[in-house]
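# Structural features, examined
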Amino acid sequence: MNIGNQCCLFWGIFLHISVCLGEDYDLDDKTGLGRSFDGIGGLSGGGATSRLLVSYAEPYRSQILDYLFRPKFGASLQILKVEIGGDAQTTDGTEPSHMHYEDDENYFRGYEWWLMREAKKRNPNITLIGLPWAFPGWVGNGENWPYSFPDITASYVVLWILGAKQYHDLDIDYVGIWNERSFNSKYIKLLRYTLDKRGLERVKIIASDNLWEPITSVVFADKVLQDAVEILGVHYPGTNTVPKALKTGKKLWSSEDYSTFNNNVGGGCWARILNQNYVNGKMTATISWNLVSSYYDDLPFGRDGLMTANEPWSGNYVVESPIWITAHTTQFTEPGWMYLQTVGHFTHGGSYVALTDERGNLTIITETMFFLDVFKNVVFERSLTCFVIKGSFSIELDVDEVYTFTTVRNGHRGNYPDPPPSAPFPKSYKDDFDFSGNPYFSEAPNFADQTGVFEYFTNLTDPGPHNSTLRQVVTQRPVTWVADADQTISVIGDYKWHDLMVSCDIYMEDVHTGGVFIAVRVDKGGGVIRSTRGIFFWVYADGTYKVTNDLRGMTVLAEGLSGTRARVWYTLTLTVKGNYASADLNGYPLWKNAVLWEPRHGWVAIGTSSFELAQFDNFAIEALA
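Conventions and cut-offs
- Residues numbered from 1 in each chain as written.
- Predicted model: local features only at pLDDT ≥ 70, side-chain atom pairs only at ≥ 80, totals over all residues.
- Heavy atoms only, no water.
- Helix = DSSP H or I, 4+ residues; strand = E, 2+ residues; numbered from the N terminus.
- Rg over C-alpha atoms; globule rule 2.2 N^0.38 Å.
- Buried < 20%, exposed > 50% of the residue type's maximum accessible area, 1.4 Å probe, protein only.
- Contact = heavy atoms within 4.5 Å.
- Areas by Shrake-Rupley, 256 points an atom, 1.4 Å probe, with all protein chains shown as cover.
- Lys, Arg positive; Asp, Glu negative; His and termini not counted.
- Charge placed at Lys NZ, Arg CZ, Asp CG, Glu CD.
- UniProt positions renumbered as here; feature names shortened; annotations may be inferred.
- Pairing = 2+ DSSP bridges.
- Axes fitted to C-alpha atoms, helices over the stretch in contact; angles between N-to-C directions.
- Salt bridge = Lys/Arg side-chain N within 4 Å of Asp/Glu carboxyl O.
- Parallel < 35°, antiparallel > 145°, perpendicular 65-115°, else oblique.
- Left-handed = near helix turned anticlockwise from the far one by under 90°.
- Nonpolar A, V, L, I, M, F, W, Y, C, P; charged D, E, K, R; others polar.
- Domains from an automatic or database assignment.
- Buried area = accessible area lost by both parts, 1.4 Å probe.
- Polar contact = N/O pair within 3.5 Å; in protein donor to acceptor, adjacent residues only side chain to side chain.

## Some thoughts on the overall build of the protein chain
Looking only at helices and strands, the protein chain features 10 helices and 36 strands. Relative to its length of 625 residues, the protein chain is compact, with a C-alpha radius of gyration of 26 Å against a globular reference of 25 Å. Here the protein chain holds 625 residues, and the buried ones make up 62% of them. Of all intrachain contacts in the protein chain linking residues separated by at least 6 positions in sequence, the fraction that spans at least 24 positions is 71%. For the protein chain, the accessible surface area stands at approximately 23,000 Å², while carbon and sulfur atoms represent 51% of it. Distance between charge centroids for the protein chain: 3 Å, based on 51 positive and 72 negative side chains.

Below, the structure written as structure tokens:
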């Protein structure tokens, strides 16, 4: 909704709003302006939440990106925060590190580089943030803790920032501190020193990406730490802060927020967060976890993104209500605008904020989220021109609505033709893992790595049929905060599948401990992957095989001799119908009619028996039901 040109000189404006009962509210600058607005953003990572997006074909992939980042079109996001991949499970999957090993650097793994470039292409002014949730095992030097050797950790993070610039021409604006258990003051100071030493004085630090305390008290008492930290960033603050945080004089951000199902109720929750993070907590930036729901629905926190794009095989995506809730602020403000101090709550529920560019423009965002039944199926619709008469206007606000009153006239509800209809994962699916040279991605389409990292691999010394494969490359347990599995696993397909056949060529590289599996009916992923069940067909380099009902291998359905050894290619085939499972090795029956009762359905998976090198090729699925 627009305020007319009469509002160009707005100082001393009197806003009269009727919400159920007549209520008067003043908006003016008589007491000065409030804090500077820093933007609204989305978070890709923590973990692997944009995993399926890059697999979309054009034009649908670009359309999704436009709805997220294109100014004056959709969400028009002003901040993009990405995970600095650490080879470890960090909520819904694993993102690859730029340094699997201490002497290894590769700045083309994963999709975050591509995503940042695409965001920057659409909005050159977008703020970029990197945060590591986990680290390769060598960073911890054998410990599940990244700060015992803070100089190593600081160097690892700074190299990622330098690589972003050198290989992708991306200027990272902020870097966060991994802090699920506690933070390390020594590390923060050393990170600041290392950034400055490498010419990255412009890169600022957000700490501690957890709670207001203890970071606030420590920053308040430590002048060196205070100088090192630019932003006090918290996760899920519930729109509130603590008095001491305000006294530090630091910018306050909700550096991870939302984490809510993206239906209309979730959209209403997001509207309340965006306004009340400032009204209640004086937080000047809010970042949604997550950016886009591009991971399998049945992984933890399914559809918690601002929009849904998790069917690259069909091309279907859904522009959900949080996109348009975001647009109510982002399309009519810019980072650097100033909040008015006269912001607050409506007497009967809801809140209002007002921002100005100090050059004559004013934007007022109101939300009346009483019952969180937002929009009543009407989203981001231009309504009436609202005329200001003698510095005042009146409007009646309905319950569970968001209204924006603004002098900015170029907001736009972007629109593309409907994408293809939703469709399940194809029942017949093949991948020979022949790397096409796609610079966007180092991993096979539609696979969702849960532990370990499965990357395209080209064997230049082998011109034969297996010179291009998918290889599991993580050989040391990562530094992680979730209960990562002892085995590596990547899932794919339709969670509803129950009767099917899967086959794959496998190659164990470790002579002594090599072990590889294919699996069906895999029933869990994400941070609970350690406890997943299914039907797992294992072969080992010591010449044995095993069939288990769980990833940990505790429930054995069958076992025996297979004659398998390392550095030889084998074809594994696993078939499951009803309560019975059987398998072939190189086309010959190895075992059959193993009896199983649970689980009844789940994904297909491949993986290894430990963190070890192994290769996969000629993967195929035929789902029967």
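## Structural notes on the environment of L80
Looking at the element boundaries, L80 is found in strand 6 (residues 79–83). Aside from chain neighbours lying at most four places away, what touches L80 is G42, F69, L115, M116, A119, I126, T127, L128, I129 and L291.

## Comments concerning the UniProt feature "domain: Glycosyl hydrolase family 59 central" (unreviewed entry) in the protein chain
Under the present numbering, the feature "domain: Glycosyl hydrolase family 59 central" (unreviewed entry) in UniProt falls on residues 339–369. End-to-end, the C-alpha atoms of residues 339–369 are 21 Å apart, and along that stretch the chain is 0% helix and 52% strand.

## Here's the deal with the sheet that holds strand 23 (residues 448–451)
Through backbone hydrogen bonds, the strands of a sheet pair up, either in parallel or in antiparallel fashion. Taken together, 7 strands build an open sheet; the order of strands is 23-26-35-28-29-30-31 and the sheet is antiparallel. With one partner strand each, in any of the chains shown, strand 23 and strand 31 (556–561) form the two edges of the open sheet. Each strand of the sheet is rotated relative to its neighbour by a mean of 20°, with strand direction disregarded. Across 5 bridges, strand 28 (residues 515–522) lies against strand 35 (residues 603–608) in antiparallel orientation. Counterpart to I518 in the pairing with strand 35 is I606.

## As for the pattern of salt bridges
Under the definition given, this model contains 21 salt bridges. In this structure, the salt-bridge partner of R109 is D104, at a minimum N-O distance of 3.0 Å. Using a relative accessible area of 9% as the deciding quantity, one classes R109 as buried. Here K121 and E118 are joined by a salt bridge, their closest N and O atoms 3.1 Å apart. Pair noted here: K121 and E118 are both in helix 2 (residues 112–122), with a separation of 3 residues, about one helical turn. The buried category is assigned to E118, whose relative accessible area is 8%.

## A short note on helix 1 (residues 60–69)
For helix 1, the buried fraction is high: 8 of the 10 residues fall into the buried class. Looking at helix 1, one finds that the buried residues are R61, Q63, I64, L65, D66, Y67, L68 and F69. Packed against the buried residues of helix 1 are strand 6, helix 2, strand 13 (308–311), strand 14 (316–318) and helix 10 (321–330).

## As for the packing of helix 2 against helix 4 (residues 150–168)
Helix 4 packs onto helix 2 with a crossing angle of 60° between their chain directions and a minimal axis gap of 12 Å. Between helix 2 and helix 4, the angle is such that the two are oblique. Note that helix 2 runs across helix 4; the crossing there is right-handed. On helix 4, the residues that touch W113, M116 and R117 of helix 2 are W160, G163, A164 and H168. Of the residues belonging to the contact of helix 2 with helix 4, the class tally is 4 nonpolar, 2 polar and 1 charged.

## What to know about the environment of G176
Structurally, G176 can be placed in strand 8 (residues 174–176). Looking at G176, the relative accessible area reads 2%, which means it is buried. For the pair G176 and S208, spaced 32 residues apart in sequence, the C-alpha to C-alpha distance is 7.1 Å. Residues in contact with G176, not counting those within four places in the same chain, are G130, L131, P132, I206 and D209.

## As for the domain arrangement of the protein chain
Each assigned domain of the protein chain is listed here: domain 1 (37–331) and domain 2 (428–623). Between domain 1 and domain 2, the residue contacts involve 43 residues of the former and 35 residues of the latter. Both sides of the domain 1 and domain 2 interface together cover about 3,100 Å² of buried area, and 54% of this is carbon and sulfur. When the area that domain 1 buries against domain 2 is broken down by residue, the three leading residues are R51, Q89 and Y296, summing to 23%. In this assembly, domain 1 and domain 2 are joined by 1 salt bridge. Between E455 and R109 there is a salt bridge, and its shortest N-O distance comes to 3.4 Å. Taken together, domain 1 and domain 2 are joined by 19 residue pairs in polar contact (both at pLDDT 80 or more). Put simply, the parts of the chain that give the side of domain 1 that touches domain 2 at least two residues each are helix 2 and helix 3 (137–140). Broken down by element, the side of domain 1 that touches domain 2 gets its largest block of residues, 3 residues, from helix 3. In terms of residue class, the side of domain 1 that touches domain 2 is built from 21 nonpolar, 13 polar and 9 charged.

## Brief notes about the sheet that holds strand 11 (residues 251–258)
Reading around the circumference, 5-6-7-8-9-10-11-12 is the order of the 8 strands in this closed barrel, with parallel pairing throughout. Within this sheet the neighbouring strands show an average axis-to-axis angle of 25°, counted without direction. Of the pairings in the sheet, the one linking strand 10 (residues 231–235) to strand 11 comprises 5 bridges and is parallel in character. Directly across from L232, in strand 11, lies its bridge partner L252.

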